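If you want the building blocks of each chain, they are given just below.
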Amino acid sequence: MRTIDWVDGAIELIDQTRLPDELVTLRIETVDGLIDAIRRLAVRGAPALGVAGALGVALAAATCDDPAEAIARLRAARPTAVNLAWGVDQAAAHLPGFDAVLARALEIRDDDIAACRSMGEYGADLLAELAPVPVRIMTVCNTGGLAAVERGTALGVVRTLHERGGLAEALALETRPLLQGARLTTWELARMGAPHRLVVDAAGPYLLARGHADAVLIGADRIAANGDTANKIGSYALALGAKRAGVPFIVVAPETTVDTATPTGAAIEIEDRGAAEVVSVKGVPLAPPGTAALNPAFDVTPHELITAIVTDRRVVRLDRGETPSSVPPGPRR
Ligand code: MRU
């Protein structure tokens, strides 16, 4: 199953707003339709956004009178995941020819599939070194195949562990306010037949303190040159809890998420998605009318709290003083 693809002249993607109730594929034929899908999280997750951005440039080349204007809006549809701007820029470098743009976008799609397989191998090997076998993993948000083209990043490592017979349990945090963990991660874990339980976000650090997980695995939306990592809100609290409990805290992301042009996490723009998602769930109010809310979609985990960053080409041991800038990428697995 592919989360996003190019099919007969348009983008087809799984509508993640409809899961777990229904598995629905959206066919997207315009850049405006794609921007809307990105903004309302029908397609989401940093690697999937990179592929969406690249395929969106192909749509712009095929359908827009002013591709540059449409591409600029697409590039800015969400600010935090560096992959979206990266995918757009990679494909746009081949304009004005449609064929070359589409070829680059399809290459990015295929490369993402290979990258996720490689992260699974690097990550599962690292866990064999750092944690008991079989291992109990805690994770937040959704970092599985739905967040990429196939398999995923942190949840891709969980998949590889499960395939190797080395997964005792995955604990998925529900991930308020949009519940990517409750809706999407549990759906993926059930489909792969992996043992799992769902926990509320606030239980994460406490369960780590009580010894319920051997490692925390998260994805990333942007990794700064010093290793500071932007990821779904709640990641920072888990990192603090993991540090206190002495549990390895591992970031899993493709090389395309490492942004060495961003020196530290302080320079990462964090998307605020507005009050509506916080004060209601699926249209049902949770708070008195007019309640104000803050809704940062992501947080930044300082590099000091991260044990290691696993990409498709290397393992960066931050706990040993390494940084993404100090360790050169190696081969894919
Ligand atoms: O707001 P979302 O659902 O796009 O946030 C996604 C995350 O934070 C993921 O952890 C991250 O993009 C990595 S996905 C492999």
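Preceding this paragraph is the structure being described.
Residues numbered from 1 in each chain as written. Predicted model: local features only at pLDDT ≥ 70, side-chain atom pairs only at ≥ 80, totals over all residues. Heavy atoms only, no water.

**So, the nonpolar core**
Defined as follows: Residues belong to one nonpolar core when they are buried, are Ala, Val, Leu, Ile, Met, Phe, Trp, Tyr or Cys, and are joined through side-chain atoms within 4.5 Å. Working definition: with a 1.4 Å probe on protein chains only, accessible area under 20% of the residue-type maximum means buried, over 50% means exposed, and in between means partly exposed. Numbering of helices and strands runs from the N terminus; a helix is a DSSP stretch of H or I covering at least four residues, while a strand is a stretch of E covering at least two. Here, residues are in contact when the closest pair of their heavy atoms is within 4.5 Å.
Ranked by internal contacts, the top residues of the largest apolar core, which has 37 residues, are Ile4, Ile11, Leu34, Ile38 and Leu55. Mapped onto this core, the elements with two or more residues apiece are strand S1 (4-7), strand S2 (10-14), helix H1 (31-39), helix H2 (46-63), helix H3 (67-75), helix H4 (82-92) and helix H5 (98-130). Here the element with the most residues in this core is H2; it accounts for 11 residues. If near-sequence neighbours (up to four positions away) are discounted, Ile11 is found in contact with Ile4, Asp5, Trp6, Leu26, Arg27, Ile28, Leu34, Ala52, Leu55, Gly56 and Leu59.

**Describing the pattern of salt bridges**
Heads up, the rule is: For salt bridges, the criterion is a side-chain nitrogen of Lys or Arg within 4 Å of an Asp or Glu carboxyl oxygen.
For the structure on display, the rule yields 29 salt bridges. With its nearest N and O atoms 2.9 Å apart, the salt bridge here joins Asp110 to Arg109.

**So, the sheet that holds strand S3 (residues 25-28)**
Picture the strands of a sheet paired through backbone hydrogen bonds; they go either parallel or antiparallel. The condition that has to hold: Strands are treated as partners if at least two bridges between them are detected by DSSP. Fitted lines through C-alpha atoms give the axes, limited to the stretch in contact for helices. The angle between two N-to-C directions lies from 0 to 180 degrees.
Judged by pairing direction, the sheet is antiparallel, and its three strands sit side by side in the order S1-S2-S3 without closing on themselves. Two strands bound the open sheet, and with one partner strand each, they are S1 and S3. On average, adjacent strands in this sheet sit at an angle of 25 degrees to one another, irrespective of strand direction. Inspection of the sheet shows S2 paired to S3 by four bridges, in the antiparallel sense. Bridge pairing links Leu13 to Leu26 in S3. Sitting on the sheet, H2 is in contact with S1, S2 and S3, with an inclination near 20 degrees to S1.

**Section: the sheet that holds strand S16 (residues 315-316)**
Reading across from one edge, S6-S5-S4-S7-S10-S15-S16 is the order of the seven strands in this open sheet, with mixed pairing throughout. Every other strand in the sheet has two partners, leaving strand S6 (196-199) and S16 as the edge strands with one partner each. Here strand S5 (residues 167-173) pairs with S6 via four bridges, running parallel. Note on S6: the bridge partner recorded for Ala170 is His196.

**Quick look at the site of the ligand**
Note the following rule: For each residue, the test is whether any non-hydrogen atom lies within 4 Å of the molecule or strand; if one does, the residue is near. Polar contact is defined as a pair of N or O atoms within 3.5 Å, subject to the rule that within protein one atom must be able to donate a hydrogen and the other to accept it, and that residues adjacent in sequence are counted only when both atoms are side-chain atoms. Under the convention used here, a 1.4 Å probe and the Shrake-Rupley method define accessible areas, while residue burial counts only the protein chains that appear. Note on residue classes: Ala, Val, Leu, Ile, Met, Phe, Trp, Tyr, Cys and Pro are nonpolar, Asp, Glu, Lys and Arg are charged, and everything else, Gly too, is polar.
Taken together, 16 residues sit near the ligand, with Arg44, Arg78, Gln180, Asn231 and Lys232 positioned nearest. In the model, an oxygen atom of the ligand is placed 2.6 Å from a nitrogen or oxygen of the Asn231 side chain. Contact with the protein chains covers 99% of the free accessible surface of the ligand, which is 410 Å². Counting residues per element, the ones that place at least two in the shell around the ligand are H2 and strand S9 (229-232). Here the shell around the ligand is built from residues that sort into seven nonpolar, five polar and four charged.

**What about H3?**
Applied cut-off: Regarding the arc, it is the one traced by the directions from the helix axis to the C-beta atoms.
Taken residue by residue, H3 has Ala70, Ile71 and Leu74 as its buried positions. Summarising the axial view, the buried residues of H3 lie within an arc of 100 degrees, below the 170-degree limit, and thus occupy one face. The secondary structure elements touched by the buried residues of H3 are H1, H2 and H4.

**A word on unusual backbone geometry**
Cis geometry marks the peptide bond from Leu19 to Pro20; its omega dihedral reads 5 degrees. The residue after Leu95, namely Pro96, is reached through a cis peptide bond having omega 10 degrees.

**Quick notes on the environment of Gly330**
By the secondary structure assignment, Gly330 is in the segment after S16. Owing to a relative accessible area of 26%, Gly330 belongs among the partly exposed residues under this scheme. In sequence terms Gly330 and Asp312 are 18 residues apart; their C-alpha atoms lie 8.7 Å from each other. With residues near it in sequence (within four places) discarded, Gly330 still touches Arg313 and Arg314.

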